[in-house]
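Structure at a glance
Residues per chain, in single letters:
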Amino acid sequence: AGVASNENDKPKKGTNEKTEEVVRIGVLASLTGALEVYGKQTVRGFELGLEYATGGTMEVAGKKIEYIVEDTETQPNVAVQKATRLLEDHQVDFIVGSSSSGDTLAVLPLMEEYKKIMIVEPAVADSITGENWNRYIFRTARNSSQDAIAGATAIAAEGVTIATLAQDSAFGRDGVAAFKKAAEELGAKIVHEEYADPSGVDFSSNIQRIVNAKPEYLFVIWAGANSPWGQLADMKVQERGIKISTGAPDIAALRTMDAVIGMEGFTVYHHSLPNNEINDWLVKKHLEKFGEEPDLFTPGGFAAAMAIVTALEKSGGVTDAETLIETMEGMTFDTPKGPMTFRPEDHQALQTMYAITLKRTNEFDYPVPVLVRELTSEETAPPIKNR
Amino acid sequence: MDLFINITINGLATGMLIFLLAAGLTLIFGLMDVLNFAHGALFLWGAYAGIWAYSATESFFLGIVIALITGMILGYLLERFIVKPVYGNHIQQILITLGVMLVLSEFVKVVWGPNIIQATAPEWLQGSWEVGSILLVKYRLFIIFIGLVVFFALLFLLNKTKLGLVVRAGVINKEMVQVLGINIRKVFLFVFILGAAMASLAGVLFGPYSGVIYAEIGLEYGILAFIVVIIGGMGSVLGSMIAALLVGILGAYTAYFIPDLSLAVNFVLMLTILIFKPTGLIAAKEVGK
Amino acid sequence: MDDIILETNGLTIVFGGHVAVDNVSVKIQRNQLKSIIGPNGAGKTTFFNMLSGQLKPTKGSVFFDGKDITSLSPAERTRLGIGRSFQITNVFPNLTCYENVRLAVQSQKGIRYNMFSHVRKFRDVNERAYQLLDMVFLVNKANEMAVNLTHGEKRKLEIAMLLALETEMLLLDEPTAGMSLEEVPMILDVIRNIRDQRNRTILLIEHKIDMVLDLSDNIMVLFHGQLLADGPPEEIIRNEQVQSAYLGGLYNDAS
Amino acid sequence: MTLLKVEAIQTYIEQYHILQGVSFEVRVGEVTVLLGRNGAGKTTTLRSIMGLTPVREGKIFYKDQEIQTWPTHQISNIGIGYVPEDQGIFGALTVEENMKVAIKNKDERTMERLEWVLDLFPDLKKFWKKQGGNLSGGQKQMLAIARAYINDNNLLLIDEPSKGLAPIVVEKVMDSIQQMKEQTTVVLVEQNFIMASAIGDRFYIIDDGRTVHSGLMKELKEDEQLKKQYLGIA
Amino acid sequence: MNRLKTLSKLKLMLALLTVGLFVFPFISDSRTAFIILTQIFILAIFSMSYDLLLGYTGIVSFGHAMFFGIGAYTVAICLRHFGATISTVLLAALLTVIFTVVVSYLVGMLTLRLKKHFFAMLTLAVASLFLVVAEKWRSLTMGNDGFTFVVPELFRDRVSFYFISLAFLVVMYLFLERFTQSPMGKVLEAIRENEVRVESLGYKVLHYKVIANVIAGMIAGLSGILYAMSLRFVNTTVFSVERTLDALLVTIIGGVGTLFGSVIGAALLEFARHGLMDLAKVHWVFERWVILFGMVFILVVMFFPKGIVGTMKHWWKQRMYKKEQTNQLDERSTNTLKEDFHS
Ligand SMILES: Nc1ncnc2c1ncn2[C@@H]1O[C@H](COP(=O)(O)OP(=O)(O)OP(=O)(O)O)[C@@H](O)[C@H]1O
Ligand SMILES: Nc1ncnc2c1ncn2[C@@H]1O[C@H](COP(=O)(O)OP(=O)(O)OP(=O)(O)O)[C@@H](O)[C@H]1O
Ligand SMILES: [Mg+2]
Ligand SMILES: [Mg+2]
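Residues numbered from 1 in each chain as written. Chains lettered and ligands numbered in written order. Predicted model: local features only at pLDDT ≥ 70, side-chain atom pairs only at ≥ 80, totals over all residues. Heavy atoms only, no water.

The name an unreviewed UniProt entry gives chain D is ABC transporter ATP-binding protein, with Anoxybacillus kestanbolensis as the organism. Quoted straight from UniProt, the Sequence similarities (unreviewed entry) entry for chain D says "Belongs to the ABC transporter superfamily." (UniProt positions renumbered as here; feature names shortened; annotations may be inferred.)

In the nomenclature of an unreviewed UniProt entry, chain C is known as ABC transporter ATP-binding protein of Anoxybacillus kestanbolensis.

The structure is reproduced here in structure tokens:
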């Protein structure tokens, strides 16, 4: 079946005339620009997820699954164009995406307009399932709060003093706020918050201030490429008895973290961490197909596919949004990170996270997160913010 | 006191790095008056080619050489095929060099992949000395050293030879310089290659400084170079040096004392300087024709 | 008899230690043609620049029609009635000749901030612009970009723009420099006509001494920034210092 | 002996056909004057010789070498100096720097010439460190001439040197040209007929992009009819 | 005259194009097309306002996005706080006009005295400060994540929004066209050419530059409103240099000093981007389509040195000239070349 729809017999908004045998899914991801790596991980994960979920048939409940990937270029206006094109021209039933919170937020209102389900992956902004949420939005990705809670759970305890270092951006500030809340609930004390210019070259002043605050731990929230690890080492932070902690990033970024080997922290995913069949399958398939292991956001894409297929199975192939919402609220589905559940209130998927330490092992040529313990989905459940 | 010394040294090192980044642009934009938006791409390619050679051969020195060669080749190609037809036309320069910027930035991903790449300093430049509570990071001292070398070399080249004069004259009136028997095309080509090589040098030195390189550094730091050249005063190497150090040191102090202003500090600096000194720190000589 | 239109009072300007115009006080009579002569670098153009507002004097003041205009901007002075031409051609290179002149006419008619009507609506402006181009023999170049004009043509354009302003006072800085032999007399006629109408004051800088002698009611001589002499042509030409330091042998028998 | 020979050159600027056949010869040791009204093509002719506007057809010989396809700097380096009509001063550079750019060899003879030039135009010495753009109109003209005089040129192309100069300076320039005649041949474009006729040996009249008349200056001075016809003066 | 004929021909084509665009929604219902076209219209409006500065007044600004962003944030915040009604939008438009006028006036007075590059960098600095404020005033703006908001029904419908944007584009085009052909517009052109001389003709240059800046700022602000409403979302990218660069690219590609060039440039930029992006799906070779996209800029400079519309105009002029020439050639005999050459 051709994916492109015919210009002439296109139905008006809302009605669906396409052949009932096909389910279409649109994937929005940054395939160019700074977030391209993440976008590609999502797409690969999604493809493999579909393959796994359908047992390779690419069919669910008697319907064929087709998907179309569109590049958002990490620009909100492009994301909206692409989403509309997916919804209009391709008549998709679901949208999965996107790599940046901005793009995703820009697309959210469309989902309400078109009454279609969106599975958010891997955008993290809390507001997606918070104040900007609408009922068509589900999220398999973890949100900033979940990250923060996982981070806090990994190191916070009664009486522990912690300083934070984050980029001076929405991502950093949100993350620290959530982390602070979670850590303080666990009895830790945040002694210093440091925000650095995200495009800066020199973080030594920031680090100096942290050193002055003399915390036991330094919790770092950092996304994007230029990172403070080397400078933390240059400034001998660890030698001064400050333990560094952060969320372990993707493999390419792990390679740059030699300087902080030994740090305790958490991660969303590393392929060596989960112990289940799906993950084994994913790693094997991914290696076969792409010649490398799955990375940080691959299981997210996978999970999105699993969520969709599971929902369709349960709905018997019905793609009507109302039915799907009903089906998906509270739905549990399998992923490479173990089962996830869409919480009914804000459709955020609760999921396992991992407390880790960063170590050098023989197995990998880069510092690798080694499991300390799994953080259960209950432990890392973020507050509900969409009211 | 030690604190101030620490902050100052770090700011100084960052400033030097920024100077290296801007020095090439001082020649190409400040002196030759070419709005080269592809400057960041030269920086980027220096970083990638240099770090690649460095990790392949494990010789940092070789990495630097490769970066310089890369810069020179790119500079040559850029001047010959892109910039030469648009000398003196800023509008065309903007468009065509932005195009080159896109092409080169994206092409990096074709060659080296889209992932970030780690860059560490060579063994002998790793770590730091502690003198009392003053922390001297070796690599930063190295940057300061290289920065000074480049600075004096440039000063010499521009002030002790006819080159600087000829380029300035050539920008004002290219025909007339040729009438005086100088092959201005060759001169421009030479200066452009020099500027490009310096951008690439800054790139490869930036790698170990930040620890990682990635395809967006060209875009991210390109603007900074323009800021430095402008507030330093067009075409003044000394001005660029002062401006770069100012940006570096002020950035370090702001980050320490008023971190909330960090994001804005460069722009506030530029705003204040230009309002009080509308032609930059070391004012390019303004003349009513 | 003493109808003074412009008066300078101890006008002085210093450029980094070099006194370019040194304490010059002159009175310029209404509706006369006065020439300024003097060696290269004597300060003639600089003096002009202070009258027209391009430069602010270090000391001294300028009065126009009895009003102190020392602190006014060039635009304000033009509006008051002091128009000037430039020694080095100074036109709008990428506009047509016609546009160049039209802009001057437009200013003269006081159409400055109208942003809603099409320029074509202003018939009188456009016609006047053509008239002026005709006057300086540039009609055939009306639609040519000024940048493509020859040096001499640019000078003529310059004059047309100045005339368009119809200011009460005209400052002409070497209007005929570079103009061809056969056209100089025609431009001279234009200037002479204006003078003869006796409703405009002209201040003229020229090195072509026979032309100066022919046109001027009055000549002032600047020397090293100072006012050396001021008087009728016959008197000036006989001045020995003028003879030796300015004219040299070339014009010895000119008078 | 012929030093420079221009043979029916045709020059275009963009799509405009500016020179449509200019021919003339310059003999060693003579001052050849190009005359003609505004827009006739005098400046373009000099620029074509210097290689600044490309010649599309026709030939230019300098000492039997065909130079019309050479780049400008090379033409300059075989000993042709040029004073452009718009002076071409580097405004942001000082007088000294302007001269420095111009000087090709720093040998003794150049230094001698420098001294001579500065004696000729004492203003330049006075304002040695001043920026070229701040000079007075006449001073700029002096600087432009000085830059051409400073090198050991066999041929000088001078476009309206008298423009903007005080009479006494015009005289000096005339003298200097006479003085140099021995070593340096001159092609002069000049609207100041007193000057042109005083120092010119031979003239060519250019009109509408063509050489339309030529002869000895002596003859022209006498020939009122010709003057009237081509120069509009009597 | 010929010129008149070509002028009216051009006008006719423009009118036809406009009519075509107005009719388009009645023959197609591809909302993707509406969205792309709408975004082209908005970018074209923004770029035309930029062209007023760059092409007509000769001012290079790297901070034009500040006005765009002010408009975008004003409407977003208003709609979020005062409810999704038409009157809120009108209020936002009014506020945008006020803010942009005030900001452009102040910034203009402060910066327009500076020379080209220095002015450009100052505007960059000011715009970046706006970006920082938008980033830091998180209670109002939610930082760089941004926020979504609801727009009134009239603007929500893609077709009616299409018409609104198109109508606005046409109105702005006509206004700017008239403005640039007005006595005032001509003075701006003259300023671009030679400021000193404009002053000596009796025009106060700074006034004109500030007025141009205010008008450009205002229109940019209004285009920002449309932009935000088309997305129903706003984040700090509206203040970014990239926004300004978009306008810069569009004006240059289209041809500076040709308003219609902005429209063509906007269309080309969007279509090139999408066409090339879609190539990526055709074959993996085109995965790096951005390279081709960059090449488009290079090629434009090489083949359309004055921008597309600018170069076409130039060609047109040359053709007219050639025609004239061939007409004249008959009159002139070629054998006059060497007549009476003295040997
Ligand atoms: N902006 C300036 N800065 C410094 N010096 C200047 C400036 N303008 C003029 N001068 C100097 O002031 C003196 C007078 O110059 P001015 O242009 O008034 O001379 P002039 O009498 O018009 O000469 P000319 O006949 O050559 O045009 C000259 O020595 C010149 O170098
Ligand atoms: N860039 C140009 N574009 C178009 N036409 C030009 C250009 N430059 C010169 N011309 C034309 O070429 C012709 C010859 O110009 P040229 O400068 O050689 O004249 P000229 O004899 O030196 O005049 P003048 O005595 O005024 O300096 C003129 O008609 C002029 O309009
Ligand atoms: Mg003068
Ligand atoms: Mg000429």
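Here we come to the site of ligand 2. The local shell around ligand 2 holds 20 residues, among which C:Thr150, D:Gly39, D:Lys42, D:Thr43 and D:Thr44 are the closest. Per-site note: the chains with residues close to ligand 2 are chains C and D. One of the side-chain N or O atoms of D:Thr43 is found 2.5 Å from an oxygen atom in ligand 2. Measuring from an oxygen atom of ligand 2, one finds a side-chain N or O atom of D:Thr44 at 2.4 Å. When ligand 2 sits alone it has 640 Å² of accessible area, and the protein chains cover 87% of it. Going through the elements one at a time, α5 (151-165) of chain C together with β2 (16-27) and α1 (42-49) of chain D are the ones with two or more residues in the shell around ligand 2. Here the shell around ligand 2 is built from residues that sort into four nonpolar, ten polar and six charged. (Near = heavy atom within 4 Å. Polar contact = N/O pair within 3.5 Å; in protein donor to acceptor, adjacent residues only side chain to side chain. Areas by Shrake-Rupley, 256 points an atom, 1.4 Å probe, with all protein chains shown as cover. Helix = DSSP H or I, 4+ residues; strand = E, 2+ residues; numbered from the N terminus. Nonpolar A, V, L, I, M, F, W, Y, C, P; charged D, E, K, R; others polar.)

The next point concerns the site of ligand 1. Taken together, 21 residues are adjacent to ligand 1, and C:Lys44, C:Thr45, C:Thr46, D:Ser136 and D:Gly138 come closest. With respect to ligand 1, the chains having nearby residues are chains C and D. Contact between ligand 1 and C:Gly41: an oxygen atom at 2.8 Å from a main-chain N or O atom of the residue. Between an oxygen atom of ligand 1 and a side-chain N or O atom of C:Thr45, the distance comes to 2.5 Å.

Moving on, we come to the coordination of the magnesium ion (ligand 4). Residues and elements named next belong to chain D. Around the magnesium ion (ligand 4), the protein supplies Thr43 (OG1) and Glu85 (OE) as donor atoms, at distances of 1.8 to 2.4 Å. With a gap of 42 residues between them, Thr43 in helix α1 and Glu85 in the loop between β6 (80-83) and α3 (95-102) connect regions that are remote in the sequence. Taken as a pair, Thr43 and Glu85 share a single burial class, namely buried. (Donors = N, O, S within 2.8 Å, 3.2 Å for Na, K, Ca; no water. Buried < 20%, exposed > 50% of the residue type's maximum accessible area, 1.4 Å probe, protein only.)

In this complex, chain E contributes 28 residues to the contact, which on the side of chain C involves 37 residues. Note on chain E versus chain C: buried area summed over both sides is about 2,900 Å², and carbon and sulfur give 58% of it. A per-residue breakdown of the area chain E buries against chain C is headed by E:Pro183, E:Arg197 and E:Leu201, which together make up 24% of the total. Scanning the region where chain E abuts chain C turns up three salt bridges. E:Lys186 is the partner of C:Glu99 in a salt bridge, and the nearest nitrogen-oxygen pair spans 3.7 Å. Counting the contacts that link chain E with chain C gives 18 residue pairs in polar contact (both at pLDDT 80 or more). Those elements that place two or more of their residues in the side of chain E that touches chain C are α8 (158-181), α9 (183-193), α10 (195-200) and α11 (205-231) of chain E. The biggest single contributor to the side of chain E that touches chain C is α9(E), with eight residues. Counted by class, the side of chain E that touches chain C contains 13 nonpolar, six polar and nine charged residues. (Contact = heavy atoms within 4.5 Å. Buried area = accessible area lost by both parts, 1.4 Å probe. Salt bridge = Lys/Arg side-chain N within 4 Å of Asp/Glu carboxyl O.)

Membership of the largest hydrophobic core comes to 456 residues, with the highest contact counts inside it found for A:Ile119, A:Ile162, B:Leu205, C:Val101, C:Leu157, D:Phe121 and D:Ile177. What A:Ile119 contacts, discounting residues up to four positions off in sequence, is A:Ile95, A:Val96, A:Gly97, A:Phe138, A:Thr140, A:Ala304, A:Ala307, A:Ile308, A:Met328 and A:Phe342. Judged by nonpolar contacts, the second largest core, of 30 residues, contains A:Ile210, A:Met235, A:Leu273 and A:Tyr366. (Core = buried A, V, L, I, M, F, W, Y, C linked by side-chain atoms within 4.5 Å.)

Taken together, the 38 residues of chain E in the interface contact 41 residues of chain A. Buried surface at the junction of chain E and chain A, both sides included, amounts to about 3,300 Å², of which 44% is carbon and sulfur. The partner of A:Glu131 in a salt bridge is E:Arg80, and the shortest N-O contact between them spans 3.4 Å. Counting across the chain E and chain A interface gives 13 residue pairs in polar contact (both at pLDDT 80 or more). Of all the elements in the fold, those that place two or more residues in the side of chain E that touches chain A are α2 (31-57), α5 (116-136), β1 (147-148), α11, α13 (259-282) and α14 (289-303) of chain E. Taken together, the residues of the side of chain E that touches chain A break down into ten nonpolar, eleven polar and 17 charged.

In this structure, C:Thr45 (OG1) and C:Gln87 (OE1) serve as the protein donors to the magnesium ion (ligand 3), at separations of 1.8 to 2.2 Å. Of this pair, C:Thr45 sits in helix α1 (residues 44-52) while C:Gln87 sits in the loop between β7 (82-84) and α3 (97-108), and the two are 42 residues apart along the sequence.

Here the focus is the environment of A:Leu254. Residue and element names in this part refer to chain A. The residue Leu254 is located in helix α8 (residues 251-254) in this model. Sequence separation between Leu254 and Val368 is 114 residues, and the spatial gap between their C-alpha atoms is 7.1 Å. In this structure, Leu254 is in contact with Ala248, Pro249, His270, Leu358, Tyr366, Pro367 and Pro369, ignoring residues within four places of it in sequence.

All names here are of chain D. Counting buried positions along α1 yields seven of eight residues, so the element is predominantly enclosed. For α1, the full list of buried residues reads Lys42, Thr43, Thr44, Thr45, Leu46, Ser48 and Ile49. Looking one or two residues beyond α1, the residue adopting positive phi is Gly51, at roughly 80 degrees.

Turning our eyes to something else, we now look at the sheet that holds strand β4 (residues 55-62) of chain D. Residue and element names in this part refer to chain D. Overall, antiparallel pairing links the four strands, which are arranged β2-β1-β4-β5 in an open sheet. Of all the strands in the sheet, the pair left with one neighbour each is β2 and β5 (65-66). In this sheet, β4 lies alongside strand β1 (residues 2-13) in antiparallel orientation, the contact comprising six bridges. Each bridged residue has a counterpart across the sheet, and for Val6 the counterpart in β4 is Ile60. Each of β1, β2 and β4 touches α1; the most contacted strand, β2, lies at about 70 degrees to it. (Pairing = 2+ DSSP bridges. Axes fitted to C-alpha atoms, helices over the stretch in contact; angles between N-to-C directions.)

Within this structure, the stated rule accounts for 63 salt bridges over all chains. The shortest N-O distance in the salt bridge between E:Glu195 and E:Lys209 comes to 3.1 Å. One end of the pair, E:Glu195, is in helix α10; the other, E:Lys209, is in helix α11, and 14 residues separate them in sequence. Given the relative accessible area of 6%, E:Lys209 is considered buried. Overlapping salt bridges, with partners in common, bring together A:Glu36, A:Lys40, B:Glu106, B:Lys109, B:Glu216 and E:Arg288 in one network.

Let us look at the pairing of strand β3 (residues 134-137) of chain B. All names here are of chain B. Along β3, one buried face is formed by Ile134 and Leu136 and the opposite face, lined by Leu135 and Val137, is buried too. Here strand β2 (residues 128-131) pairs with β3 via four bridges, running antiparallel. Across the sheet, Glu130 pairs through a bridge with Leu135, a residue of β3. Between β2 and the antiparallel strand that follows it, β3, lie two residues; Gly132 among them carries a positive phi value of about 60 degrees.

To continue, consider the sheet that holds strand β11 (residues 264-267) of chain A. Residues and elements named next belong to chain A. A sheet is described by the order of its strands in space; here seven strands give the open sequence β8-β7-β9-β10-β11-β15-β16, paired in mixed fashion. Either end of the sheet is taken by a strand with one partner, and the two such strands are β8 (189-196) and β16 (368-375). Taken over all neighbouring pairs, the strand axes of this sheet differ in orientation by 25 degrees on average, direction set aside. With seven bridges connecting them, strand β15 (residues 353-359) and β16 associate as antiparallel partners. Of the residues in β16, the one forming a bridge with Ala355 is Arg373.

It is worth spelling out the packing of aromatic side chains at this point. The full count for this structure, using the stated rule, is 57 aromatic pairs over all chains. With 5.0 Å between their ring centres and 55 degrees between their planes, B:Tyr87 and B:Phe188 make a pair best called tilted. Placement of B:Tyr87 in the loop between α3 (60-83) and α4 (90-112) and of B:Phe188 in helix α8 (residues 184-210) is noted, with a sequence separation of 101 residues between them. We note that B:Tyr87, like B:Phe188, is buried. Here the aromatic rings of E:Phe130 and E:Phe239 are separated by 5.6 Å at their centres, their planes lie at 25 degrees, and the arrangement is stacked. Residue E:Phe130 is located in helix α5, and its partner E:Phe239 is located in the loop between β2 (233-234) and α12 (241-254); the two are separated by 109 residues in the primary sequence. Residue classification places E:Phe130 among the partly exposed residues on the basis of a relative accessible area of 24%. Owing to a relative accessible area of 6%, E:Phe239 belongs among the buried residues under this scheme. A connected cluster of aromatic rings, assembled from ring pairs, spans E:Phe22, E:Phe24, E:Phe26, E:Phe34, E:Phe41, E:Tyr162 and E:Phe163. (Phe/Tyr/Trp six-rings, centres within 6.5 Å; stacked < 30°, edge-to-face > 60°.)

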